[in-house]
Amino acid sequence: MKTNIIPALMGTVSLFAGISSAFNGQLRLDTVCSEGCNTVLNLRDYDTGSTYTCGVLVPSFCSYEGRCPVFCRETSPGGYSFNAQFWQTSDGCDNIDFEGALDSHHEYCCGGAPCDIS
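The paragraphs below set out a description of the structure included in this document. Treat the numbers as computed from the prediction; the structure is a model and nothing was measured. (Residues numbered from 1 in each chain as written. Predicted model: local features only at pLDDT ≥ 70, side-chain atom pairs only at ≥ 80, totals over all residues. Heavy atoms only, no water.)

Thoughts on the state of the cysteines
Then, number 1: Within this structure, the stated rule accounts for 5 disulfides.
Then, number 2: Each disulfide pairs two cysteine sulfurs, and for Cys109 the partner residue is Cys115, the sulfurs being separated by 1.8 Å. In terms of burial, Cys109 and Cys115 fall into one category: buried.
Then, number 3: Regarding the disulfides, the protein chain carries the connectivity 1-2, 3-6, 4-5, 7-9, 8-10 under sequence-order numbering of its bonded cysteines. (Disulfide = S-S within 2.5 Å. Buried < 20%, exposed > 50% of the residue type's maximum accessible area, 1.4 Å probe, protein only.)

Details of the sheet that holds strand 1 (residues 25-33)
Picture the strands of a sheet paired through backbone hydrogen bonds; they go either parallel or antiparallel.
Then, number 1: What the 8 strands build is an open sheet, ordered 7-6-5-4-3-2-1-8; its pairing is antiparallel. Taken across any chain shown, the strands that pair with only one partner, and hence form the sheet edges, are strand 7 (106-110) and strand 8 (115-117). For this sheet, the mean angle separating the axes of adjacent strands, direction not counted, is 30 degrees. (Pairing = 2+ DSSP bridges. Helix = DSSP H or I, 4+ residues; strand = E, 2+ residues; numbered from the N terminus. Axes fitted to C-alpha atoms, helices over the stretch in contact; angles between N-to-C directions.)

Observations concerning the nonpolar core
Within soluble globular proteins, side chains that are nonpolar generally end up buried alongside one another.
Then, number 1: Of all hydrophobic cores here, the largest spans 21 residues; its most connected members are Leu27, Leu41, Leu43, Val70, Phe82 and Ile96.
Then, number 2: Of all the secondary-structure elements, those providing two or more residues to this core are strand 2 (37-45), strand 3 (51-57), strand 4 (68-74), strand 5 (81-88) and strand 8.
Then, number 3: The element best represented in this core is strand 5, accounting for 4 residues.
Then, number 4: Setting aside residues up to four positions removed in sequence, Leu43 forms contacts with Phe23, Gln26, Leu27, Ser50, Thr51, Tyr52, Cys54, Cys72, Phe82, Ile96 and Phe98. (Core = buried A, V, L, I, M, F, W, Y, C linked by side-chain atoms within 4.5 Å. Contact = heavy atoms within 4.5 Å.)

Concerning the environment of Glu65
Then, number 1: Here Glu65 lies in the loop between strand 3 and strand 4.
Then, number 2: For Glu65, a relative accessible area of 71% corresponds to the exposed category.
Then, number 3: Measuring from C-alpha to C-alpha, the distance between Glu65 and Trp87 comes to 8.6 Å, with 22 residues separating the pair along the chain.

Remarks on the pattern of salt bridges
Then, number 1: Inspection of every chain in the model, using the stated rule, returns 2 salt bridges.
Then, number 2: Arg28 is the partner of Asp30 in a salt bridge, and the nearest nitrogen-oxygen pair spans 2.8 Å.
Then, number 3: The exposure class assigned to Arg28 is partly exposed, which follows from its relative accessible area of 23%.
Then, number 4: The salt bridge involving Arg67 is made with Asp97; its shortest N-O contact spans 3.7 Å. (Salt bridge = Lys/Arg side-chain N within 4 Å of Asp/Glu carboxyl O.)

Structural notes on the packing of aromatic side chains
Then, number 1: Considering all chains together, one arrives at 4 aromatic pairs under this definition.
Then, number 2: Aromatic pair Phe23 and Phe98: ring centres 5.0 Å apart, planes at 35 degrees, arrangement tilted. With Phe23 in the loop between helix 1 (2-19) and strand 1 and Phe98 in the loop between strand 6 (93-97) and strand 7, the pair connects residues that are 75 residues apart, well separated along the chain. Like Phe23, the residue Phe98 is buried in the burial classification.
Then, number 3: Their ring planes at 35 degrees and their centres at 5.7 Å tell us that Tyr80 and Phe82 sit as a pair that is tilted.
Then, number 4: According to the relative accessible area criterion, Tyr80 is partly exposed, its value standing at 35%.
Then, number 5: Residue class for Phe82 comes out buried when judged on its relative accessible area of 5%.
Then, number 6: Feature note: the residues Phe23, Tyr52, Tyr80, Phe82 and Phe98 constitute an aromatic cluster, connected by ring pairs.
Then, number 7: It is Arg67 that lies over the ring of Trp87; its NZ or CZ is 3.7 Å from the centre. (Phe/Tyr/Trp six-rings, centres within 6.5 Å; stacked < 30°, edge-to-face > 60°. Lys NZ or Arg CZ within 6 Å of the ring centre and 35° of its normal.)

Right, dumping it as structure tokens:
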């Protein structure tokens with residue numbers, strides 16, 4: 001009986017370990033000027049070294065009530081891409097919901113971009 005409990009318990013522990021994973025990196029809002037200036041959301045994953053660009057957005061339009069959908073594509077070798085949502089809150093925090101991509105969901109950082117998410 002005891003031998004059946006241990007594998008089941010270890011499986012449960014590993015399940016929760018997978019759920020607690022989070023993105024460890026930097027969120028940047030870069031200004032890119034070419035026929036006008038745009039704000040581009042960029043990410044850097046400190047654990048893997050991967051970089052992602054998530055397209056042009058207007059941060060002032062992206063509030064909690066009006067999240068901005070973004071499509072992130074890897075700019076480093078690998079070719080990974082994913083959908084996410086970005087928004088800013090009135091307290092100056094930048095939020096991103098990875099929607100499960102990169103083993104992450106809602107992450108945020110405060111004080112203005114660039115900022116670290118971990």
